[in-house]
Amino acid sequence: MALRSAAVREGLHRAPHRSLLLAAGLDESDVYDTSKPLIGIVHTFSTIVPGHLLLDKLAAAVAEGVREAGGVPVYAGAVSVDDGIAMGHEGMRFSLVARENVADAIEIFAEAHRLDGIVVVTACDKMMPGALLAAARLRDEIPVYIVNGGPMLAGRRPGGGCCLAVGHVFEAVGAYRAGKMSMEELREVEKRALPTPGSCAAMYTANTMAVAAEALGFILPGAAAVPAVYSQRIHVARETGRLVVRAAKRGWTASMFLTRGSLFNALAVDAAAGGSTNTLLHLAALAAEAGIDLDLDAAEELFARTPWLADLEPGGRYFMEHFYEAGGVPALARELAKAGVFDASLPAATGEPWSRVFEKLPPAPLGPAIRRHDKPLQQRSPLRVLRGSLAPRGAVLKAVRIARSRIEGPAKVYNSEEEAIEALEAGEIRAGDVVIVRYEGPAGGPGMREMLQLTSMLYGMGLGDRVALVTDGRFSGATRGLMIGHVSPEAMAGGPIALVEPGDTVVVDAEKGRLDLLVDPGELEERRKRWKIPESVAERHRRIAERGGVLYAYSLLACSADLGGARRCPRTG
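Residues numbered from 1 in each chain as written. Predicted model: local features only at pLDDT ≥ 70, side-chain atom pairs only at ≥ 80, totals over all residues. Heavy atoms only, no water.

What about the nonpolar core?
Alright, step 1. Residues Ile118 and Phe323 are the most contacted members of the largest nonpolar core, which totals 133 residues.
Alright, step 2. Beyond its immediate sequence surroundings of up to four residues, Phe323 is in contact with Met203, Val211, Ala225, Leu312, Gly328, Val329, Leu332, Ala369 and Ile370.
Alright, step 3. Of all hydrophobic cores here, the second largest spans 41 residues; its members include Leu281, Ile407, Ala468 and Val470. (Core = buried A, V, L, I, M, F, W, Y, C linked by side-chain atoms within 4.5 Å. Buried < 20%, exposed > 50% of the residue type's maximum accessible area, 1.4 Å probe, protein only. Contact = heavy atoms within 4.5 Å.)

Some details on unusual backbone geometry
Glycine aside, residues mostly have negative phi angles, and peptide bonds mostly take the trans form.
Alright, step 1. In this structure, Pro314 follows Glu313 across a cis peptide bond, with omega equal to 15°.
Alright, step 2. Within the secondary structure layout, Pro314 lies in the loop between α14 (296-305) and α15 (320-325).
Alright, step 3. A cis amide bond, omega -15°, links Gly445 with the succeeding residue Pro446.
Alright, step 4. Take Pro446: it is sitting in the loop between β10 (434-437) and α19 (452-460).
Alright, step 5. Phi at Cys124 takes a positive value of approximately 75°, unusual for a residue other than glycine.
Alright, step 6. Mapped onto the elements, Cys124 comes out in the loop between β3 (117-122) and α7 (127-137).
Alright, step 7. One non-glycine residue, His486, adopts positive backbone phi at about 65°.
Alright, step 8. With respect to the helices and strands, the residue His486 is situated in the loop between β12 (483-485) and β13 (505-509).
Alright, step 9. Residue His486 is classed as buried on the basis of its relative accessible area, which comes to 4%. (Helix = DSSP H or I, 4+ residues; strand = E, 2+ residues; numbered from the N terminus.)

Focus on the pattern of salt bridges
Note on pairing: side chains with opposite charge can pair once their charged atoms come close.
Alright, step 1. Scanning the entire structure with this criterion turns up 49 salt bridges.
Alright, step 2. Between Arg99 and Glu100 there is a salt bridge, with its nearest N and O atoms 2.5 Å apart. Here the two residues Arg99 and Glu100 agree in accessibility, since each one is buried.
Alright, step 3. Its salt-bridge partner being Asp311, residue Arg317 comes within 2.8 Å of it at the nearest N-O pair.
Alright, step 4. Since its relative accessible area comes to 4%, Asp311 is described here as buried. (Salt bridge = Lys/Arg side-chain N within 4 Å of Asp/Glu carboxyl O.)

Description of the state of the cysteines
Alright, step 1. The tally for this structure, following the rule as stated, stands at two disulfides.
Alright, step 2. Disulfide partner of Cys162: Cys163, at an S-S distance of 1.2 Å.
Alright, step 3. On the basis of relative accessibility, which here comes to 45%, the residue Cys162 falls in the partly exposed class.
Alright, step 4. Covalent S-S linkage joins Cys559 and Cys569, the inter-sulfur distance amounting to 2.0 Å. Taking the sign of the S-S torsion, about 95° here, the bridge from Cys559 to Cys569 comes out right-handed. Pair noted here: Cys559 is in the segment after α22 (550-555) and Cys569 is in the segment after α22, with a separation of 10 residues, a long-range link.
Alright, step 5. Relative accessible area serves as the criterion here: at 27%, Cys569 is assigned to the partly exposed category.
Alright, step 6. Here the bonded cysteines of the protein chain are numbered in sequence order, and their pairing is 1-2, 3-4. (Disulfide = S-S within 2.5 Å.)

Below is the structure:
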């Protein structure tokens with residue numbers, strides 16, 4: 001089988017191309033022997049993002065594996081963003097946009113140089129889905145695999161008690177503001193919470209996306225949960241390098257792992273892990289890129305049938321290192337197959353069916369972090385899709401650690417996260433309120449900011465279990481409580497959330513899956529006729545348009561969250 005890279009290495013007219021490859025340092029045998037697959041290794045190494053600090057070493061190990069299997073490794077870099085560092089200020093607007101930037105960079109690198117395969121070495125919240133979007137764009141061309149950087153080890157509390165993660169630091173800020181913690185105690189938490197490189201230690205978005213990618217087939221079985229500081233990470237990277245060369249020689253492509261069934265396998269693993277709501281956002285975008293129908297009602301039907309099996313922070317007791325010791329994704333997926341919600345006939349990354357992967361496992365999960373399918377934490381996943389007059393196209397909730405599943409209360413309405421935080425600090429938000437934060441969606445933000453700062457402050461100040469928060473923005477995977485995000489259509493698209501006025505009665509009912517605005521339809525129609533984008537939001541967008549950068553470009557194409565915030569909805573006004 002002729003390799004794609006022959007287009008830049010074979011024939012009379014490719015003499016200049018070969019000259020450039022030699023100038024890049026490739027050996028003559030790498031340039032002239034066109035039976036050797038040309039494999040791109042795209043890494044997001046960074047010295048400011050803990051999850052990416054060791055990726056250069058993993059990329060080098062991938063290259064070793066590529067060489068061992070008879071391929072030619074070539075490198076490129078892509079951007080990395082730390083959502084925690086970007087949180088709570090204007091920088092968070094660039095986080096979701098980075099997903100598209102990473103996908104663009106991988107696609108451009110692969111297509112411009114006619115590469116025969118890609119391995120993306122990455123981690124963290126938006127880089128992992130960016131790699132998956134790139135795989136969807138390249139799905140009929142070449143194989144694409146991912147090596148994730150792995151989770152950090154959990155922090156230890158003063159005195160050695162287990163365990164801490166970054167979500168505890170955000171909540172500690174609220175506790176300090178409420179007078180429940182001294183500055184010295186806060187400083188101790190921030191120093192102890194994150195003791196090693198790696199993605200955050202709990203089942204937040206980065207790790208949820210990694211386990212989803214493994215369930216899809218883009219990460220080697222059992223590899224997603226290997227801690228960042230374990231030497232096994234090097235072995236995984238090297239084996240992935242070997243695998244991509246074999247895949248390129250066999251003519252495999254990423255389309256093997258991008259089917260409706262594999263997407264629902266990924267959703268089932270996310271649901272059983274009590275994972276981040278952001279996975280639904282990113283898998284919806286992935287489905288859009290791959291031309292696969294991913295209906296939110298079908299997702300909710302799956303969530304209702306999927307038992308909650310992984311007892312992991314932020315909704316449970318354990319951390320990623322415990323999940324790894326219990327058997328990781330293969331152990332969890334096998335239990336889900338027994339429950340009838342995971343299709344084990346579909347291929348894992350190695351090309352063999354998941355059923356064969358399961359045959360190699362011990363008879364039961366090896367630790368308390370993963371429950372057996374017949375002894376779940378609860379019968380259905382904590383992930384829920386809500387619909388109603390306030391969210392006709394859906395909204396998403398992770399119902400973990402909620403003291404009440406229903407709130408009916410007056411709306412407190414804010415047109416940005418900053419407005420809501422100022423109101424909270426001023427004591428304007430009280431028990432029983434439904435806090436509405438709008439114009440923070442993909443197009444409206446633009447960039448659909450996460451609101452971990454706001455949600456953590458609510459908990460730290462003792463209001464987390466006594467209010468509901470509803471937004472067209474999104475939440476960190478560390479979020480817990482009655483926090484409803486991804487409201488669609490978003491305010492910028494004229495969704496009903498744009499029409500809410502202070503004091504309106506809003507009902508959030510997690511058990512019934514409802515999110516309703518109790519305002520007469522005739523009154524809402526009158527409000528729609530009067531509706532216009534608030535001046536503060538319009539001014540924000542004018543500034544972004546004048547600058548003309550990536551935020552502006554994204555805002556012109558971004559869909560609402562039910563379509564994954566994908567760049568497929570051109571704005572006409």
